Amino acid sequence: MVWCFFSEAHLTGLGQIQNPKSKIQNPIGPGLFAGVGLTSLATLMLQVSLTRLFSVALWHHFAFMVVSIAFLGFGASGTFLMMVPRIKGRPMRPTLAKLALGLSVASLISYWCSNKIPFDPARIIWDRYQWIYLLGYYGVFAVPFFFAGLILALVYTHQAERVGRLYAWDLAGAALGCMGIFWVYSLAGGPGAILTVCLLAGLASLAFSPSGWQLNLVRGIWMGILCLIMVTKPGVVSVNISPYKALMVALRYPDARLLETRWHAAGRLDIIESGAVRFAPGLSLEFRGSLPQQLGLCLDAGRLNAVTRFKGNMDDITFAEFLPASLPYVVREPDNVLIMEPMGGLDILTARYSGATNIVTTHSSPLVLRAMKTTLEAFSGNLYEDNVISIEEQARSSLRRSLMAFDVIQLPLTDSLGAVSSGLYGLSEDYTLTVEAFQTYIRALKPDGLLTVTVYLLPPPRHEIRLVALACAALENMGVGHPERHLAAIRSWGAFTLLVKKSPFEPQEIDRIKDFCSRLRFDLVHYPNMTRAEANVYNRFPGPIYHDVVQKVLSPRDRQTFYKEYLFDVRPVTDDRPFFYHNFRIDKVAPLYRAVGNKWQLFLEGGYLVHLIFFQALVISLVLMVLPLKKTGLPSSSWFLAYFGLIGIAFMLTEICLIQRFILFLARPVYAFSLVLFSVLFASALGSYTIADSKLLLRSDTKLSFPQIQNPKSKIQNPLGRLPVLVITPILLIAYALCLGKVLSFAIAWPLWMRYGVAFFVILPLGFIMGMFFPMGVRTLSLCFKGAIPWAWCVNGCTSVIGSVLAVVTALSYGFKTVLCLAAVAYSLALVMLVFQNLSYHRHKHDPQ
């Protein structure tokens, strides 16, 4: 029976690791473990920093694409080691020190070069050279990840017998990085985070090998340069923002100026004074006055909102009654009002102008709220202090604990039209706009209370129609037999407003809505028993398209046919698939292309771009994984390629799904990302560390070390050992898919500190077992041939990128439960391969004939 993958010639050609008694053998000490941890810490911080920085410089979905593809540099390092095996024969510790210094230098140079590459997604429409610049981005950012991957691949190849502890340090460093990056961002800003990464990589170099005067001299000079740059903050390290983003467009206006910039883990906030800042969404054309002075609030250089000057005189804000958002205050006189994510506070002004006495606001990110309470406090008239209760938490978890019932709950329009129309949020989850969210809001209303939501009018109808579908589904889930009696909708020239009433609309309330629209020349879209002739009167389309599609959504007979045939996905989204702004359907690409006049620019939006990312990652990964065949030839057994590929995909599917599922539970998305990623990596580090002294796998220099198979007389010992523990992994994943949502829903009303503890301990058992797969695979592979470990590293790195994109693609269409089920399948297949490989090895060892 043949159990080894390569011939003896291949073993020799690929540079087999030296005999343990060889003088070339590299010593092991604390410095090696510290160096691995610091390398991983720097690499994760670099990945997060680049994603955040280029969400500011470009757009979020392009940043996701660039960093995802660049991370394939990790996999390329394994391919390089297979193609150039002589590197593995060099002294390990000095080589690692030089590579870590290379990582430090490459991180800063790559960032600097990226600011010089004239890539701009907005210009792809007319500039064909942008695709070449995009390739330049990929290459530039792949370099530091290549150095980091080379370090870890060399360590695991040379020290395969210690892979459990080394991989534990690797994961622990990454866990520390996902917590530390947010502190660094708050203290040093985005460019400062890149410099911090460079310093950490330099420390990793020192940990690997503190000796050698020449290396120490270069290292000392470089670290000094980094400290000098961090103190002086020269312009060369500033973020080069696209001139087409809202911030840069506003700053090009005459006399425009940037007043303040704040960095936070949640993003970057710029406060600007510009003539471009005129924020009054859907303002009636009947308004003849002028708007008060406004200052711009720009999040990540793209989401433009405004703060209105207010000194307490209601006559200064009379424009508020001409906004579509004032409709609920016309329908009824409110007392208690809840406003979610009010940003610059225009909806707070509208509520106060309309007579609301008790106003509660919720904020998932503290960045804007802190600016409003400090820098902008006087300008806004102390807006968030006077009769306003501000809660730094997402509304849903706050409402689950609150005993207050509200007359009006408002989801305001807080973004610029450009950001929404560009498909910017197609890849972003939004747990405030799901069926379950609407049910929570409606339950928190008084018996005759109103939920109001405003979005931009964006033909052809997409977000507006999904909004109606959400309300309809939520009401039906709550047992309402005729949801159309609880809904009313209007539109202006630029905004769409939906009202959802806990009880059916009364005739006098409908009259107020009709009078409001007649007075301000807004168009009616729906109210109970509305006729088609009443629609499309003032701001005219060729036909009453909004009224028509809303009626199809509200009709139980026509609804499913409409969903199936419509060019966009407007089905109601749930917490399992919380992508409200993802409206694109792959099966409708061809008819949509024809419908928009055979123009392809629409397909650059986030919903379609993710499929392009997946295709790119798949092609580049296949090239990297196949290249070693040129050096080694076709292996006689390729189990390790499939095994490491499967665990790479499965780990990322699970990790990304857990992050998304805990965002709602932990109230603040930024801290949810940090805590969940820390919990997964820390638990996996613990699991990997247990492999260090376990007898899960045979050592190459010992005889059978596994427990006996159930038959005590058998001469063949059990190759599984503690492997049955790993069978729990797919079982746990299925359990999480079925039950996690219910557990989190039960505990969402608990205090925040208790929810953090729940999140950690819920993730702990799954993460612990997941951390065992990689070191077990490496140790099994080392029994056959250590020279193949870099190839396994390549496959694992490449498929991790594929898995991260696959998680998004799958969740967009089928939800996160499906993602976890796919992870369970991948881990199950990996387990089967690992078991059979161990069986093959032991049979060969006892019966080589």
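Everything quoted here is computed from the prediction, not taken from an experiment. (Residues numbered from 1 in each chain as written. Predicted model: local features only at pLDDT ≥ 70, side-chain atom pairs only at ≥ 80, totals over all residues. Heavy atoms only, no water.)

A. Structural detail: the environment of Arg268. In this fold, Arg268 is placed in strand β2 (residues 267-273). Residues Arg268 and Gly189, 79 residues apart in the sequence, show an inter-C-alpha distance of 8.6 Å. Those residues in contact with Arg268, other than ones at most four positions away along the chain, are Arg52, Val56, Ile241, Leu247, Thr261, Arg262, Trp263, Cys298, Leu299, Asp300 and Leu367. (Helix = DSSP H or I, 4+ residues; strand = E, 2+ residues; numbered from the N terminus. Contact = heavy atoms within 4.5 Å.)

B. The sheet that holds strand β10 (residues 487-491), seen in detail. In spatial order, the strands read β7-β6-β5-β8-β9-β11-β10-β12; together these eight strands make up an open sheet with mixed pairing. Each edge of the sheet is formed by a strand with only one pairing partner; in this case those strands are β7 (388-391) and β12 (523-526). Taken over all neighbouring pairs, the strand axes of this sheet differ in orientation by 20° on average, direction set aside. In the sheet, strand β8 (residues 406-411) pairs with strand β9 (residues 445-456) via five bridges, with the strands oriented parallel. Across the sheet, the residue bridging to Phe406 is Leu445, located in β9. Contacts from helix α16 (residues 463-477) reach β9, β10 and β11 (495-501), with the element oriented near 5° to β11. (Pairing = 2+ DSSP bridges. Axes fitted to C-alpha atoms, helices over the stretch in contact; angles between N-to-C directions.)

C. The pairing of β9, seen in detail. Extensive coverage of β9 is indicated by the burial of nine of its 12 residues. In the sheet, β9 pairs with β11 via seven bridges, with the strands oriented antiparallel. Within β11, the residue paired with Thr452 across the bridge is Leu499. (Buried < 20%, exposed > 50% of the residue type's maximum accessible area, 1.4 Å probe, protein only.)

D. Unusual backbone geometry, seen in detail. The step from Pro459 to Pro460 runs through a cis peptide bond, and the omega angle for that step is -5°. In this fold, Pro460 is placed in the loop between β9 and α16. One non-glycine residue, Asp300, lies in the positive phi region at around 55°. Inspection of the secondary structure puts Asp300 in the loop between β3 (294-299) and β4 (303-308). Overall, the relative accessible area of 18% leaves Asp300 in the buried class. Phi is positive for Glu341, close to 50°, though the residue is something other than glycine. Tracing the backbone shows Glu341 in the loop between β5 (336-340) and α11 (346-353).

E. Examining the side chain of Asn539 more closely. Turning to its location among the elements, Asn539 is positioned in the loop between β12 and α18 (545-554). Within the structure, Asn539 has its side chain in polar contact with the backbone oxygen of Arg521 (distance 3.3 Å). The contact partners of Asn539, leaving out residues within four places of it in the chain, are Arg491, Ser492, Trp493, Arg521, Phe522 and Asp523. (Polar contact = N/O pair within 3.5 Å; in protein donor to acceptor, adjacent residues only side chain to side chain.)

F. Just the side chain of Arg585, in detail. As for its position among the elements, Arg585 is in the loop between α19 (559-565) and α20 (589-595). The class for Arg585 is buried, based on a relative accessible area of 13%.

G. The sheet that holds strand β1 (residues 257-264), seen in detail. Read from one edge to the other, the open sheet built from four strands follows the order β1-β2-β3-β4, with strand pairing classed as antiparallel. Both outer strands of the open sheet, β1 and β4, are each paired with one neighbouring strand and no more. In this sheet, neighbouring strand axes are inclined to one another by 20° on average, regardless of whether the strands run parallel or antiparallel. Bridging between β3 and β4 involves six bridges; their strand directions are antiparallel. Within the sheet, the bridge partner assigned to Gly296 lies in β4 and is Ala306.

H. Representation of the pattern of salt bridges in the model. The final tally for this structure, using the stated rule, is 24 salt bridges. The salt bridge partner of Glu286 is Arg521, with a shortest N-O separation of 3.9 Å. Placement of the pair is Glu286 in the loop between β2 and β3 and Arg521 in the loop between α17 (507-520) and β12, with a sequence separation of 235 residues. Classification of Glu286 as partly exposed rests on a relative accessible area of 28%. The salt bridge involving Arg661 is made with Asp576; its shortest N-O contact spans 3.6 Å. Note that Arg661 is positioned in helix α23 (residues 639-665) and Asp576 in the loop between α19 and α20, a separation of 85 residues in sequence. Owing to a relative accessible area of 17%, Asp576 belongs among the buried residues under this scheme. Salt bridges here are not isolated pairs; linked through shared partners, they connect Arg332, Asp407, Lys446 and Asp448. (Salt bridge = Lys/Arg side-chain N within 4 Å of Asp/Glu carboxyl O.)

I. Representation of the pairing of β11 within the structure. Buried residues dominate β11, accounting for seven of its seven residues. Neither face of β11 is exposed, since Ala495, Thr497, Leu499 and Lys501 on one face and Phe496, Leu498 and Val500 on the opposite face are all buried. As paired elements, β10 and β11 share five bridges and run antiparallel to each other. Bridge pairing in β11 links Ala488 to Leu499. Joining the antiparallel neighbours β10 and β11 is a turn of three residues.

J. Summary view of a positive patch on the surface. Side chains of Arg86, Arg90, Lys98 and Lys631 sit close together on the surface and give a patch of like positive charge. As for its position among the elements, Arg90 is in the loop between α4 (73-83) and α5 (92-116). (Patch = residues over 30% accessible without salt bridge, like charges linked within 9 Å, V, L, I, M, F, W, Y side chains within 5 Å. Areas by Shrake-Rupley, 256 points an atom, 1.4 Å probe, with all protein chains shown as cover. Lys, Arg positive; Asp, Glu negative; His and termini not counted. Charge placed at Lys NZ, Arg CZ, Asp CG, Glu CD.)

K. Examining the nonpolar core more closely. Of all hydrophobic cores here, the largest spans 234 residues; its most connected members are Tyr156, Phe644 and Phe662. By residue number, the principal contributor to this core is helix α7 (residues 163-208), which donates 22 residues. Formed by 51 residues, the second largest nonpolar core is a distinct cluster that contains Leu338, Val360, Val500 and Val549. (Core = buried A, V, L, I, M, F, W, Y, C linked by side-chain atoms within 4.5 Å.)

L. Seen up close, the packing of α4 against helix α27 (residues 789-814). With their axes 7 Å apart at the nearest point, α4 and α27 run at an angle of 160° to one another. As the angle between them shows, α4 and α27 are arranged roughly antiparallel. The hand of the α4/α27 crossing is left-handed. Residues Phe74, Gly75, Ser77, Gly78, Thr79, Leu81 and Met82 of α4 touch α27, and the partners they reach there are Pro790, Trp791, Trp793, Cys794 and Cys798. Its residues assigned to classes, the contact of α4 with α27 comprises eight nonpolar, four polar and no charged. (Parallel < 35°, antiparallel > 145°, perpendicular 65-115°, else oblique. Left-handed = near helix turned anticlockwise from the far one by under 90°. Nonpolar A, V, L, I, M, F, W, Y, C, P; charged D, E, K, R; others polar.)

M. Main features of α5. Given a rise of 1.5 Å per residue, 25 residues ought to cover 36 Å, and the 35 Å separating the end C-alpha atoms of α5 matches this to within 8%. In terms of burial, α5 is largely enclosed, as 18 of its 25 residues are buried. (Expected span 1.5 Å × (residues − 1).)

N. The confidence of the model for the protein, seen in detail. Residues at a pLDDT of 70 or more form 87% of the protein, whose mean pLDDT is 84. Between residues 416-426, whose pLDDT stays under 50, and residues either more than four places distant or in other chains, the model counts 30 contacts. In this model residues 695-720 is a low-confidence stretch, pLDDT under 50, and it forms 55 contacts with partners more than four residues away in sequence or in other chains. (pLDDT = per-residue confidence, 0-100.)

O. α11, seen in detail. Burial of α11 is extensive: seven of the eight residues sit out of reach of the surface. Those residues of α11 that fall on the buried side of the exposure criterion are Leu346, Asp347, Ile348, Leu349, Thr350, Ala351 and Arg352.

P. Structural context of the packing of aromatic side chains. Enumeration over the complete set of coordinates arrives at 32 aromatic pairs. The interplanar angle of 45° and the centroid separation of 6.0 Å between the aromatic rings of Phe438 and Tyr441 together place this pair among those described as tilted. Placement of both Phe438 and Tyr441 in helix α15 (residues 435-443) is noted, with a separation of three residues, approximately one turn of the helix. Using a relative accessible area of 0% as the deciding quantity, one classes Tyr441 as buried. Here the aromatic residues Phe74, Tyr156, Tyr167, Tyr643, Phe644, Phe774 and Trp793 are joined through ring pairs into a cluster of three or more. Cation over ring: Arg462 sits above Phe568, and NZ or CZ is 5.0 Å from the ring centre. (Phe/Tyr/Trp six-rings, centres within 6.5 Å; stacked < 30°, edge-to-face > 60°. Lys NZ or Arg CZ within 6 Å of the ring centre and 35° of its normal.)

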